[in-house]
Amino acid sequence: MKLFSETLFGRCWAKLTTKQELNLENAERSEEPAVAVIYQPKEDEAYPMKNDSDNRNGDVALPIAQNYTKPKEKSLLARRLYILSWIGSYEREKGMSDLIAGITLGMTIIPQSIAYAALAGLSSEYGLYSAFMGSIIYVFFGTIPQVSIGPTSLMALLTLQYCSDKPVQIVIVLAFMAGLVELLMGVFRLGFIVNFIPSPVTKAFTSGTALIVALVQMKTLFGVKVKGIPTPAEFWNNIKVPDAIVGVTCLVVLLLLRQLSSVNFKKKNETTRRLKKLLWYISISRNALVVFVLSFIAYMWIKKSSIEAIPFSLSSKVTSGLPQFKLPPFSFESGNRTYGFFDICSELGSGLIVVPIVAVLANVAIAKAFVKDSQLDASQEMLTLGLCNLAGSFFSAMPTCGAFTRSAVSQASGVKTPMAGIYTGIIVFSALSILTPYFQYIPKSSLSAVLIAAVIFMVDFSPFLNLWKNNKKDFFSWTGCLVVCLVAGVEVGLLYGIVLNMIFVLLRLGNPKVDVNLKQCDSVTYVHIKPMSDVYFSGADAIRTEIRSACILYRYDFPVVLDCSRFMLFDATFIEMLNAVAKEINEQKQIFVLQSLSEKHKPLFPAANSNIIFAMDPLTVDDFMTAEKKANGNGSLMA
């Protein structure tokens, strides 16, 4: 045993006495009476006496706990209209940071929105319709400043899958229905659902989606106009050289401009600092710069000759002007056919559920990546995303969610609050009202290059080796989800990952890990059985098997002690299992001790079952002596 001075308590006592001595010396020097400030309970705050029968560990409820109260919760209005929680402390410095971030994000989101609309099979204006409303709504309800709501490659891909070759009105109704489902998920506080989607599945899902987007855009990048998936020979024979030159050049330029943000200078002075800032702005504005330069070249080419003289493919003509505020088209006519609401829902099928769930997953995953000190309110993010899609559907928008690339741009731009979305929305709004006649001059291959450059860095194969070495279960989740995403589609891949991990959870619940050891309490040797994880009713039979195996291993020579501290949701299944085990052990003249069983559960066992003994942690010899006396008194056991 260590000396008193070597123990933690001894060191603390030495510090306390030394501090009191210093206080006394200082008091003598200042000729003021010394006072030792030690907490003294009030007259009505007497410490309760330790009751061994109720508390074997000596834990005592301290009366000073009543002096501490939980922080006051925000009102429901402040929690839902989240702008009220930060607008009161909004200041000029934050305003300037948000202005810069909002303008920067606006220059990024415009070319991306046009590209994502093309990916979804829509004309360019629908991408911009989807960009400004989400940015503005998120200002009032969003909780993470970096999150940027708008068109994404994921939502565009799902829109293409469920709305391909269908009227554009169905896309708008899909946005409304997705928003409604997301809103209901937020209202009913279903944010905990995303906790059941593990990180490997999310990473595989993201990588799979990025690969699909890149592969889909290869045809447009090289000007290949072949329906379906072409063979390598068909792809090579149908390459349009001018489109390929424009697309590959844009892709290379975009990748080079991306590297400008990582340029470092050996000398650190004001000039290099400003130059680095300039390079950073050029880097994050690369999408807008590339699209603008190529559009300007196409415009001047057409002005000098004609549109037929352009060798590469251009975007389709964009409807000029702002979108009208109107109800989503729940009933419309198209192609000599009348679509009712139920007809539209039938056309969308599983997309009514898959699209909102995938959007919520992506949005919460992005929010988790950027949340810092505050706790993420997933339900509020669901509610906000639902409102963004509902409001967007009134302005002819496609389904939207958060975009990781744009959120990263916001973070790098120094965003402070969601207010940056106001400036982003204004820029998109201005583009719709002024620039729409010029969108038709954008080369299609340049938009494909923008998409590929945006998603290619989201592909991450690092988990392949890491998970194989560290966790085989997560390895199969990641690999299987990625493969299924590429083969069967992103929604099937996501479903595969979720179901596989739910199976792992159920297997864990049905087969809890149990530690079995021979232990000694003074002169008494006993078999100690302790679950190493929480045990629910589904694992009761596994516990019974472990007890039976331990008894056979040690030939029924020792008492059996079962640690019940991790029995969760104690119910009839546990009672039946424990009574059955007690009966089996009783037949072999053994003592059965239930350790750390809650007081409220003890009355559930019949008093006639003399073989069950209750004890707390730590065990003492008295527990075994009590069991021996009780057993001998009933004549059922031998000590």
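The structure we're discussing is the one just above.
Being a predicted model, the structure only gives us computed values, none of them experimental.

A.B. asks: Run through the packing of helix α7 (residues 199-221) against helix α17 (residues 444-455), naming residues and quoting values.
C.D. replies: In the contact formed by α7 and α17, the axes pass within 9 Å of each other and the chain directions differ by 160°. If you check the angle between α7 and α17, you find them roughly antiparallel. Classified by chirality, the crossing of α17 by α7 is left-handed. In this structure, α7 contributes A210, V213, A214, Q217, M218, T220 and L221 to the contact, and α17 contributes K444, S445, S448, A449, L451, I452 and V455. Residue classes in the contact of α7 with α17 are distributed as nine nonpolar, four polar and one charged.

A.B. asks: Tell me about the packing of aromatic side chains, and please be specific about residues and values.
C.D. replies: Overall, the coordinates contain 28 aromatic pairs when judged by the stated rule. Measuring from centroid to centroid gives 5.0 Å for F176 and F330, while their planes differ by 75°, and the two rings are edge-to-face. Highlighted residues: F176 in helix α6 (residues 168-187) and F330 in the loop between α11 (286-304) and β2 (332-334), separated in sequence by 154 residues. An aromatic cluster of three or more residues is present, and its members are F132, F176, F325, F330, F341, F342, F394, F395 and F429. Positioned over the ring face of W280 is K277, at 5.0 Å from the centre of the ring. We note K472 situated over the ring of W468; from NZ or CZ to the ring centre the distance is 4.6 Å.

A.B. asks: Hey, could you go over the sheet that holds strand β5 (residues 514-521) for me, with residue numbers and the actual values?
C.D. replies: Spatially, β5-β6-β7-β8-β9 is the arrangement adopted by the five strands of the open sheet, whose pairing is mixed. Edge positions in the sheet fall to β5 and β9 (612-615), since each has one partner strand and no second. Strand after strand, the sheet turns through a mean of 25° between neighbouring axes, direction not considered. Seen against the sheet, helix α22 (residues 572-587) touches β7 (560-563), β8 (592-595) and β9 and runs at an angle of roughly 150° to β8.

A.B. asks: An account of the pattern of salt bridges is requested, with residue identities and associated values reported.
C.D. replies: Across all of its chains, the model carries ten salt bridges by this definition. E347 serves as the salt-bridge partner of K166, at 3.9 Å between the closest nitrogen and oxygen. One end of the pair, K166, is in the loop between α5 (153-163) and α6; the other, E347, is in helix α12 (residues 341-348), and 181 residues separate them in sequence. Looking at E347, the relative accessible area reads 28%, which means it is partly exposed. The salt bridge partner of R337 is E347, with a shortest N-O separation of 3.4 Å. Of this pair, R337 sits in strand β3 (residues 337-339) while E347 sits in helix α12, and the two are ten residues apart along the sequence. Each of K166, R337 and E347 takes part in one network of salt bridges that share partners.

Conventions we followed
- Residues numbered from 1 in each chain as written.
- Predicted model: local features only at pLDDT ≥ 70, side-chain atom pairs only at ≥ 80, totals over all residues.
- Heavy atoms only, no water.
- Axes fitted to C-alpha atoms, helices over the stretch in contact; angles between N-to-C directions.
- Helix = DSSP H or I, 4+ residues; strand = E, 2+ residues; numbered from the N terminus.
- Parallel < 35°, antiparallel > 145°, perpendicular 65-115°, else oblique.
- Left-handed = near helix turned anticlockwise from the far one by under 90°.
- Contact = heavy atoms within 4.5 Å.
- Nonpolar A, V, L, I, M, F, W, Y, C, P; charged D, E, K, R; others polar.
- Phe/Tyr/Trp six-rings, centres within 6.5 Å; stacked < 30°, edge-to-face > 60°.
- Lys NZ or Arg CZ within 6 Å of the ring centre and 35° of its normal.
- Pairing = 2+ DSSP bridges.
- Salt bridge = Lys/Arg side-chain N within 4 Å of Asp/Glu carboxyl O.
- Buried < 20%, exposed > 50% of the residue type's maximum accessible area, 1.4 Å probe, protein only.

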